[in-house]
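For reference, the chains in residue letters:
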Amino acid sequence: IELSSASLRWALIPVFYSFLSWESGRLLVIYCRKKMPGIRNAKRRIFLIILIGLPVAALVGFIDQLFTLWLDLYQQLSFADYFFITGLNILCCSIAIGVYESDYYLQQWKCLFLESENLKKQNSNSQFQFLREQIKPHFLFNSLNTLSALISTNPLKAELYVEEMSTVYRYLLTKNEKELTTLKEELSF
């Protein structure tokens, strides 16, 4: 099947219109993201996109008209044709903006979610370390109080108690460098 040059020109029009509309929307989104990045600026960024996007859509519609005239498909185009093409351009541009902004919003949301989870994990670890540090002095004071009571009542048991207590503290000091120990190690101790 042979394609005439007029058919080829008619086929180029929607491709050119779509490309120009999509790219103008994409570039507009990129520009607005640089001006107002992040999820917190989403409303202001969308307002800026609309504010800049409408004149850009009118300009792209005019460029589309010039392209159609350059291909010599029409001798002249009316304002109704111009508004129709501009309306199509706004539609295509809105779809492109919606796709890119939705993707950006989801990426930003995922980053904030992961950051939140990391902060929760750090908070839990900090609380665990705090509790761990609080237990050590209590254990020491309780041990010393027990030792003090044993010295006056049973000096031999007190001596044995000091040896056992030093073994326990030696174990605690060696295991304190690790975050966790296995149950098997604890039971064998």
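Residues numbered from 1 in each chain as written. Predicted model: local features only at pLDDT ≥ 70, side-chain atom pairs only at ≥ 80, totals over all residues. Heavy atoms only, no water.

What follows covers the overall build of the protein chain. Within the protein chain, the regular secondary structure consists of 5 helices and 0 strands. Listed by position from the N terminus, the elements making up the protein chain come as α-α-α-α-α. In summary, the protein chain has a C-alpha radius of gyration of 37 Å against a globular reference of 16 Å for 189 residues, an excess of more than 25%. In terms of its C-alpha atoms, the protein chain occupies a principal-axis envelope of roughly 115 × 40 × 15 Å. In the protein chain, the proportion of contacts linking residues at least 24 apart, taken out of those at least 6 apart, comes to 63%. Just so you have it, the protein chain exposes about 14,200 Å², and 67% of that area is on carbon and sulfur atoms. Within the protein chain, one finds 19 positive and 17 negative side-chain charges whose respective centroids are separated by 4 Å. (Helix = DSSP H or I, 4+ residues; strand = E, 2+ residues; numbered from the N terminus. Rg over C-alpha atoms; globule rule 2.2 N^0.38 Å. Contact = heavy atoms within 4.5 Å. Areas by Shrake-Rupley, 256 points an atom, 1.4 Å probe, with all protein chains shown as cover. Lys, Arg positive; Asp, Glu negative; His and termini not counted. Charge placed at Lys NZ, Arg CZ, Asp CG, Glu CD.)

An ideal rise of 1.5 Å per residue puts 30 Å on 21 residues; helix α4 (residues 155–175) measures up with 30 Å between its terminal C-alpha atoms. Turning to α4, its buried residues are Ala158, Met165, Tyr171 and Lys175. Burial along α4 is one-sided: seen end-on, the buried residues are contained in an arc of 140°. Those residues of α4 that are exposed and aimed more than 90 degrees away from the buried face are Pro155, Leu156, Glu159, Leu160, Arg170 and Leu173. (Expected span 1.5 Å × (residues − 1). Buried < 20%, exposed > 50% of the residue type's maximum accessible area, 1.4 Å probe, protein only. Arc of directions from axis to C-beta.)

Glancing now at the pattern of salt bridges. The full count for this structure, using the stated rule, is 4 salt bridges. One salt bridge connects Arg45 with Glu101, and the closest N-O pair in it is separated by 3.1 Å. With Arg45 in helix α2 (residues 42–70) and Glu101 in helix α3 (residues 79–153), the pair connects residues that are 56 residues apart, well separated along the chain. Neither Arg45 nor Glu101 differs from the other in exposure class; each is buried. As a salt-bridge pair, Glu117 and Lys120 come within 3.6 Å of each other at their nearest N and O atoms. Taken together, the positions of Glu117 and Lys120, both in helix α3 and 3 residues apart, correspond to about one turn of that helix. (Salt bridge = Lys/Arg side-chain N within 4 Å of Asp/Glu carboxyl O.)

Before going further, it helps to spend a moment on the nonpolar core. Listed in full, the 8 residues of the largest apolar core are Leu28, Val29, Cys32, Met36, Leu48, Ile49, Cys93 and Ile97. Elements with a minimum of two residues in this core: α1 (5–35), α2 and α3. It is α1 that contributes the most residues to this core, 3 residues altogether. With residues up to four places along the chain from it excluded, the contact list for Leu48 reads Cys32, Lys35, Met36 and Gly53. Of all hydrophobic cores here, the second largest spans 5 residues; its members include Tyr17, Phe67, Leu71 and Ile85. (Core = buried A, V, L, I, M, F, W, Y, C linked by side-chain atoms within 4.5 Å.)

This next bit is on the layout of surface pockets. Quantified by volume, the second largest pocket comes out at close to 200 Å³. Where the lining of the second largest pocket is concerned, the elements lending two or more residues are α2 and α3. (1 Å grid on protein atoms, 1.4 Å probe; cavity = no way out; pocket = protein on both sides within 12 Å on 5 of 7 lines; lining within 4 Å. Points joined across faces, edges and corners; volume = space filled by probe spheres on them.)

A surface patch of nonpolar side chains, about 560 Å² in accessible area, is lined by Trp22, Phe84, Leu88, Leu91, Ile95 and Val99. Here the nonpolar patch gets 5 residues from one element, more than from any other, and that element is α3. Tracing the chain through its elements places Phe84 in helix α3. (Patch = residues over 30% accessible without salt bridge, like charges linked within 9 Å, V, L, I, M, F, W, Y side chains within 5 Å.)

A few words now on the packing of aromatic side chains. Summed over the entire model, instances satisfying the criterion amount to 2 aromatic pairs. With centroids separated by 5.7 Å and ring planes inclined at 15°, the aromatic side chains of Trp109 and Phe113 adopt a geometry described as stacked. Of this pair, Trp109 and Phe113 both sit in helix α3, 4 residues apart, roughly one helical turn. (Phe/Tyr/Trp six-rings, centres within 6.5 Å; stacked < 30°, edge-to-face > 60°.)

Our focus in this paragraph is the side chain of Ser24. Among the structural elements, Ser24 can be located in helix α1. In contact with Ser24, not counting residues within four places along its chain, are Val56, Val60, Asn89 and Cys93.

This brings us to the environment of Lys136. Mapped onto the elements, Lys136 comes out in helix α3. For Lys136, a relative accessible area of 30% translates into the label partly exposed. Taking the C-alpha atoms as reference points, Lys136 and Leu172, 36 residues apart in sequence, are found 9.4 Å from one another.

Don't take any of this as a statement about function, it's just geometry.
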